[in-house]
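Chain by chain, the residues:
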Amino acid sequence: MKDWEKAYQEGITPWDKGDASPPIAHWLQEHSLKGKGLVLGCGLGHDVRLLAGYSGQVTGMDISQTAISKARKMDAVNNESYIVADFFNLDEAYTQSFDWVVEHTFFCAIIPDLRHSYVRNLVKVLRPKGYFLAVFFLQDPLDPNTDGPPYKIERASIEEYFAKDFDIMESFIPETHYECRPTGSEYLCWMRLK
Ligand SMILES: C[S@@+](CC[C@H](N)C(=O)[O-])C[C@H]1O[C@@H](n2cnc3c(N)ncnc32)[C@H](O)[C@@H]1O
């Protein structure tokens, strides 16, 4: 399994583009997220700070202590906070704690065997009828000598994982993206817990 902490300590973090996800930034121009939110696998917190500019209370979560320390050193936006935690071993205190969850290239970063567990944990941390906004990365592994991360995700399989528990309200290939991520490499989904 990938050693995320080592990657942040060594500064080898090619997924980090130094700014928040353009598809999320664009989406927020026409949608709003209310209440308490969680950003999964938030890395250096670019998306946390973006979302905190729009919404009340946003928590960024990452397994890497170094990533979270770096995130905390950046200029805070409104009521943002961070926790170092493993999403697959979360404290029970987080059960039904959030009105919405956002993710950006976290689902593709975990080994495929953990995907059902990811959905179970997502359902657990959300309050009833909570929302989930995701920017999934659809591209093949960047290093042809490994399976990933990122691990390949098919668009059709996203529905297979999430449709049992979520109504998918909106899903599309964003036109707005980082320059280095071509159109079609990302897929935005906006869902609500059934
Ligand atoms: C591909 S990176 C994306 C980071 C960030 N979302 C971004 O786009 O810059 C995946 C992130 O998930 C974090 N991560 C991996 N496994 C995790 C786990 N079990 N619980 C919480 N965070 C995890 C990694 O430390 C890393 O920051």
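Everything here concerns the structure above.
No experiment lies behind these values; they were computed from the predicted model shown. (Residues numbered from 1 in each chain as written. Predicted model: local features only at pLDDT ≥ 70, side-chain atom pairs only at ≥ 80, totals over all residues. Heavy atoms only, no water.)

S.K.: Whenever I open this one, the packing of aromatic side chains confuses me. Can you help?
M.R.: How two aromatic rings sit relative to each other is given by the distance of their centres and the angle of their planes. This structure, assessed with the given rule, holds 20 aromatic pairs. In textbook terms, an aromatic cluster arises when at least three aromatic residues are bridged by ring pairs, as seen for Phe87, Phe88, Phe106, Phe107, Tyr118, Phe132, Phe136, Tyr161, Phe162 and Phe166. Sitting over the ring of Trp4, Lys2 keeps its end group 5.5 Å from the ring centre. Taking NZ or CZ as reference, Lys36 lies 5.3 Å from the ring centre of Phe98, over its face. (Phe/Tyr/Trp six-rings, centres within 6.5 Å; stacked < 30°, edge-to-face > 60°. Lys NZ or Arg CZ within 6 Å of the ring centre and 35° of its normal.)

S.K.: Any chance you could explain the site of the ligand here in plain terms?
M.R.: The environment of the ligand is formed by 16 residues, the closest being Tyr8, Gly41, Asp62, Asp86 and His104. One of the side-chain N or O atoms of Asp86 is found 2.8 Å from a nitrogen atom in the ligand. Protein contacts shield 95% of the accessible area of the ligand, which totals 590 Å² for the unbound molecule. Each residue belonging to the shell around the ligand can be placed in one class, and the counts come to ten nonpolar, four polar and two charged. (Near = heavy atom within 4 Å. Polar contact = N/O pair within 3.5 Å; in protein donor to acceptor, adjacent residues only side chain to side chain. Areas by Shrake-Rupley, 256 points an atom, 1.4 Å probe, with all protein chains shown as cover. Nonpolar A, V, L, I, M, F, W, Y, C, P; charged D, E, K, R; others polar.)

S.K.: Is there a simple way to think about the sheet that holds strand S1 (residues 36-40) in this case?
M.R.: Neighbouring strands of a sheet are bound in pairs by backbone hydrogen bonds; such pairs are parallel or else antiparallel. Judged by pairing direction, the sheet is mixed, and its seven strands sit side by side in the order S3-S2-S1-S4-S5-S7-S6 without closing on themselves. Single-partner strands in this sheet number two, and they are strand S3 (79-84) and strand S6 (166-172). For this sheet, the mean angle separating the axes of adjacent strands, direction not counted, is 20 degrees. Judged from the six bridges that link them, strand S2 (residues 57-62) and S3 form a sheet pairing that is parallel. Looking across to S3, one finds that Met61 is bridged to Ile83. (Pairing = 2+ DSSP bridges. Helix = DSSP H or I, 4+ residues; strand = E, 2+ residues; numbered from the N terminus. Axes fitted to C-alpha atoms, helices over the stretch in contact; angles between N-to-C directions.)

Keep in mind these numbers describe shape, not what the thing actually does.
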